[in-house]
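A structural walkthrough
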Amino acid sequence: MSLAEYAAREGLHKVGGRPPLGAYLRDVWHRRAFVYSLARFRIEAENGRNRLGMGWVVLKPLLNAAVYGTIFGILLGSRSRPDQFILFLVIGVFFFEFFSSCFTSGAQSITKNASLVQSLSFPRMSLPLALVVQRLLQFVPMVVIMIAMVIVFGTMPHWEWVLLIPLIALFTVFNAGLTLITARLTVHFRDLTQLLPFISRFFFYTSGTFFSVEKRFNGNETILKIADAQPIHEFMELARSVMLTGPDYVIKPEYWLYATAWSILTLIVGTVYFWAAEERYGRTD
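Residues numbered from 1 in each chain as written. Predicted model: local features only at pLDDT ≥ 70, side-chain atom pairs only at ≥ 80, totals over all residues. Heavy atoms only, no water.

**Quick look at the overall build of the chain**
Of the regular secondary structure elements, the chain holds 13 helices and zero strands. The order of helices and strands in the chain, counted from the N terminus, is α-α-α-α-α-α-α-α-α-α-α-α-α. Counting every position in the chain, which comprises 285 residues, the buried fraction comes to 42%. Excluding contacts between residues fewer than 6 apart, the proportion of contacts in the chain whose partners are at least 24 apart in sequence is 82%. If you sum the accessible surface of the chain, you get close to 15300 Å²; carbon and sulfur atoms cover 64% of it. (Helix = DSSP H or I, 4+ residues; strand = E, 2+ residues; numbered from the N terminus. Buried < 20%, exposed > 50% of the residue type's maximum accessible area, 1.4 Å probe, protein only. Contact = heavy atoms within 4.5 Å. Areas by Shrake-Rupley, 256 points an atom, 1.4 Å probe, with all protein chains shown as cover.)

**Thoughts on the packing of helix α5 (residues 85–105) against helix α7 (residues 126–152)**
At a closest axis distance of 10 Å, the pairing of α5 and α7 adopts a crossing angle of 175°. By the angle class used here, α5 and α7 are roughly antiparallel. When α5 is examined against α7, the residues I86, L87, V90, I91, F94, F95, E97, F98, S101, C102 and S105 are found in contact with a partner set consisting of L131, V132, R135, L136, F139, M142, I145, M146, M149 and V150. (Axes fitted to C-alpha atoms, helices over the stretch in contact; angles between N-to-C directions. Parallel < 35°, antiparallel > 145°, perpendicular 65-115°, else oblique.)

**Here we look at the side chain of E237**
Following the sequence through the fold, E237 ends up in helix α12 (residues 231–243). Its relative accessible area of 9% is what places E237 among the buried residues. For E237, the side chain forms a polar contact with the side chain of R240, separated by 3.0 Å. When neighbours within four sequence positions are excluded, E237 is seen to be in contact with F88, E214 and Y255. (Polar contact = N/O pair within 3.5 Å; in protein donor to acceptor, adjacent residues only side chain to side chain.)

**Some words on the side chain of H233**
Take H233: it is sitting in helix α12. Not counting the four nearest positions on each side in its chain, H233 is found in contact with S207, V213, E214, A227, D228 and Y255.

**A word on the packing of aromatic side chains**
Taken as a whole and judged by the stated rule, the model has 14 aromatic pairs. Note on F95 and F139: the rings are 5.2 Å apart at their centroids and 80° apart in plane angle, and the pair reads as edge-to-face. With a gap of 44 residues between them, F95 in helix α5 and F139 in helix α7 connect regions that are remote in the sequence. Judged on exposure class, the residue F95 and its partner F139 are both buried. Ring geometry for F204 against Y205: centres 5.1 Å apart, planes inclined by 80°, an arrangement best described as edge-to-face. Overall, Y205 belongs to the partly exposed group, its relative accessible area being 42%. R184 extends its terminal NZ or CZ atom over the ring of Y273, reaching a point 4.1 Å from the ring centre. (Phe/Tyr/Trp six-rings, centres within 6.5 Å; stacked < 30°, edge-to-face > 60°. Lys NZ or Arg CZ within 6 Å of the ring centre and 35° of its normal.)

**Here's the deal with the pattern of salt bridges**
Enumeration over the complete set of coordinates arrives at two salt bridges. R31 is paired through a salt bridge with D27; the nearest N and O atoms lie 3.3 Å apart. Measuring nitrogen to oxygen at the nearest pair gives 3.0 Å for the salt bridge that ties R240 to E237. Taken as a pair, R240 and E237 lie in helix α12 at a separation of three residues, close to a single helical turn. Note on R240: relative accessible area 0%, which makes it buried. (Salt bridge = Lys/Arg side-chain N within 4 Å of Asp/Glu carboxyl O.)

**Some points on the nonpolar core**
Core analysis: the biggest nonpolar cluster contains 52 residues, and F95, F99, F139, L167, F171 and M243 have the highest contact counts within it. Where this core is concerned, the elements lending two or more residues are α5, α7, α8 (164–188), α9 (192–206), α11 (221–228), α12 and α13 (253–276). The element best represented in this core is α5, accounting for 14 residues. Aside from chain neighbours lying at most four places away, what touches F139 is F94, F95, F98 and I168. (Core = buried A, V, L, I, M, F, W, Y, C linked by side-chain atoms within 4.5 Å.)

What follows is the structure, encoded as structure tokens:
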């Protein structure tokens, strides 16, 4: 009898081995308290040394929106600016901040925790998921501020605002799947961390964060179809259509279908892709 057969007979498992996908996901679910606690700890650690503390969670995207609003508000001109430009911009910047922080920071969730990965046995998927939970917890106060601003600028709450809940849930699922993909890619290609900010910036300038794609490319069906297939643009447009009123903010049912498909597909691909390399995350070679 070989050593491997003897270990299997006695119920022993290889440290850092890759269990079947179903058992692996159950193990991740059992670690949900760890994922949430790690997310909260990271938030406190990031803001604990700042005088304003958690205030920066909201101040940073607000300052970004103010800078972009001043610069692009002037560059676009009154004719090219979408209706309710300030709210249009705030919603876009807040949602993009959630995506960007998951996309760039989540990619380093394994490489930045190498000592933890190499010293303890636990499902490595817990680390990128903790990062997504952290960014979601930071996104919640942004949503509160966003709702308050919409009310201040004269839009009264209506029943469609309830759709923000499933929309944010879908966006979180999408970000989680994407984070799992980039987390594994960065383990194999460390230089990817240098490229991700440029990729994020590309999404920022092409997703309609600070301009209306429909107005800017009105009549160009090819570009409009490409924009309709861009998931970040779809989530932003859904958020604006849910919260704002007017002829430019009509909910497109097909966007819900696209966003749901993107979210489910990205999560499935990300989960399987990340799990497939579970045995490699703790290796130093």
